[in-house]
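# Inside the fold
Below are the chains, spelled out letter by letter.
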Amino acid sequence: MKKLFGQKMGLLPKLIIAIILGIVIGSTGYLPVVRLLATFNGIFGNFLGFVIPLIIIGFIAPGIGDLGTGAGKLLGLTAGLAYASTVLAGTLAWSVDSIIFPMVLDTGAFQMIESEEQTIAPFFRVEMAPIMSVMSALLTAFIVGLGITIQKGEAIKNVMKEFQLIIEKIITVIIIPLLPYHIAGIFAQMTYSGQTAMVLSVFLKVFLIIFLLHFTMLMIQYTIAGSLTKQNPFKLLKNMLPAYFTAIGTQSSAATIPVTLQQTLRNNVSEEVADFAVPLCATIHLSGSTITLTSCAMAIMMLNGMPTGFGLIFGFIMMLGVTMIAAPGVPGGAVVAALGLLETMLGFPPNLTALMMALYMAQDSFGTACNVTGDGAISIVVDKLASRRP
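On to the overall build of the protein chain, then. For the protein chain, the count of helices and strands is 15 helices and zero strands. Within the protein chain, buried positions represent 52% of all 390 residues. Within the protein chain, counting contacts between residues at least 6 apart in sequence, those at least 24 apart form 83% of the total. Carbon and sulfur atoms form 68% of the exposed surface of the protein chain, whose accessible area is close to 16,500 Å².

Time to look at the environment of M318. With respect to the secondary-structure elements, M318 resides in helix α12 (residues 310-323). Given a relative accessible area of 36%, M318 falls into the partly exposed group. Taking the C-alpha atoms as reference points, M318 and Y83, separated by 235 residues in sequence, lie 8.7 Å from one another.

The terminal C-alpha atoms of α12, which comprises 14 residues, lie 19 Å apart, in line with the 20 Å expected from a rise of 1.5 Å per residue. Those residues of α12 not exposed but buried are I313, F316, I317, L320, G321 and T323. One side of α12 holds all its buried residues, which, seen down the axis, span an arc of 160 degrees.

This next bit is on helix α11 (residues 287-303). Along its 17 residues, α11 runs 24 Å from first to last C-alpha, staying within 8% of the 24 Å computed at 1.5 Å per residue. Most of α11 is tucked away: 17 of the 17 residues are buried. Immediately downstream of α11, the backbone of G305 shows phi near 70 degrees, a positive value.

Turning our eyes to something else, we now look at the packing of α11 against α12. For the pair α11 and α12, the least separation of the axes is 11 Å and the interaxial angle reads 150 degrees. The two elements α11 and α12 cross, and the hand of that crossing is right-handed. Only L312, I313, F316, I317 and L320 of α12 make contact with α11, whose side of the interface consists of T290, L293, T294, M298 and M301. Among the residues making up the contact of α11 with α12, the classes are represented as eight nonpolar, two polar and no charged.

Further remarks concern a nonpolar patch on the surface. A cluster of nonpolar side chains, L36, F123, F124 and V126, forms an exposed patch at the surface whose accessible area comes to about 380 Å². Tracing the sequence through the fold places F123 in the loop between α3 (72-104) and α4 (134-151). Classification of F123 as partly exposed rests on a relative accessible area of 45%.

Moving on to unusual backbone geometry. We note that K230 has phi near 55 degrees; this positive angle belongs to a residue other than glycine. Along the chain, K230 falls in the loop between α6 (196-229) and α7 (233-239). The backbone of N268 shows a phi angle near 65 degrees, a positive value even though the residue is not glycine. Mapped onto the elements, N268 comes out in the loop between α9 (257-266) and α10 (271-284).

What follows concerns the packing of aromatic side chains. In this structure the tally under the stated criterion is six aromatic pairs. Ring centres 6.4 Å apart and planes at 70 degrees place the aromatic pair F40 and Y181 in the edge-to-face group. Residue F40 is located in helix α2 (residues 31-67), and its partner Y181 is located in helix α5 (residues 155-192); the two are separated by 141 residues in the primary sequence. Judged by relative accessible area, which is 25%, F40 ranks as partly exposed.

It is worth spelling out the side chain of T353 at this point. Tracing the backbone through its elements, the reader meets T353 in helix α14 (residues 350-361). Aside from chain neighbours lying at most four places away, what touches T353 is L339, E343 and F348.

Another aspect to go through is the side chain of T294. Structurally, T294 is set in helix α11. Judged by its relative accessible area of 1%, T294 is buried. Looking at T294, its side chain comes within polar contact range of the main-chain oxygen of T290, at 2.8 Å. Setting aside residues up to four positions removed in sequence, T294 forms contacts with G90, A93, W94, D97, I313, F316, I317 and L320.

Quick notes on the rules
- Residues numbered from 1 in each chain as written.
- Predicted model: local features only at pLDDT ≥ 70, side-chain atom pairs only at ≥ 80, totals over all residues.
- Heavy atoms only, no water.
- Helix = DSSP H or I, 4+ residues; strand = E, 2+ residues; numbered from the N terminus.
- Buried < 20%, exposed > 50% of the residue type's maximum accessible area, 1.4 Å probe, protein only.
- Contact = heavy atoms within 4.5 Å.
- Areas by Shrake-Rupley, 256 points an atom, 1.4 Å probe, with all protein chains shown as cover.
- Expected span 1.5 Å × (residues − 1).
- Arc of directions from axis to C-beta.
- Axes fitted to C-alpha atoms, helices over the stretch in contact; angles between N-to-C directions.
- Left-handed = near helix turned anticlockwise from the far one by under 90°.
- Nonpolar A, V, L, I, M, F, W, Y, C, P; charged D, E, K, R; others polar.
- Patch = residues over 30% accessible without salt bridge, like charges linked within 9 Å, V, L, I, M, F, W, Y side chains within 5 Å.
- Salt bridge = Lys/Arg side-chain N within 4 Å of Asp/Glu carboxyl O.
- Phe/Tyr/Trp six-rings, centres within 6.5 Å; stacked < 30°, edge-to-face > 60°.
- Polar contact = N/O pair within 3.5 Å; in protein donor to acceptor, adjacent residues only side chain to side chain.

As structure tokens, this is what we get:
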């Protein structure tokens, strides 16, 4: 198993192998192995629950603190546009999904929210109570982050930066490497319970809709940018294609910054604005990831007969826009940062959050590609609006 999920293999191939392995194990019907995986899932899920408040504090507080050190009005303009774009992306996803999903998904037919009697019992449990609730962690992060901005001191900021590095190591060294085993366990249990065929069919349908939503969002962004600057939006979007395909390969907005910056300059954005807006948007603008998170969450909720009304999902989207500011720059970082919101605002139990992570990470590279390509549109609009200022 260790060689199977070796370090040199990318995350997506690992997840695919984990899903296949889980299906094979579950189809054998050999309960002791399924229970062993259920035991691992219980421990891993509890650890994840323990770490979520720490992830929120470790990334949101320094993220807000860093925003306070930007270039005044230019920072406010860029951050405001990035947040508006992220919320628009989530709202677009809800609007389309609410119409399309009931036609292509068997609503209420996939019940993964099980009672204690229905679950496959692990051999033992290890309780790991979080040090605080998710909402307490969010409030703490906001207070500390705003405090760093207001005080302009380096002591607390440096402490939070060090803490952020510790949490990032936990994600990259523990959570992400162990995730394929967790996914294998989830699919083994689903196969044992006879639910896998429906899940895989959902994967394909949801992925196609998400990809079309990404394209639609990019067209909206570049139509607005082209209208403001009187440029052809298709030409602007074509110039950003190298950044799009680079992001598919890297699965990282940060790693794609050099290419994004280069292509943004080709769209006649001033060097001063591009140098500021592109790196900032790589951190705070995640419209593609928001579409993916919203769509995957709604698909899982509909299949489980959970409510997906606008009031509930829009609140989730607005909080997601803030949380995405602090998403760690690693493959799957956005969904890790969103786990707390999925649990507290949408009521996801551990098995649904695990399925959510599998759905999200299987197409994370396309969400990242949409993010970085959209950064170019944000930069064009910022450059145009900033040039109007006296």
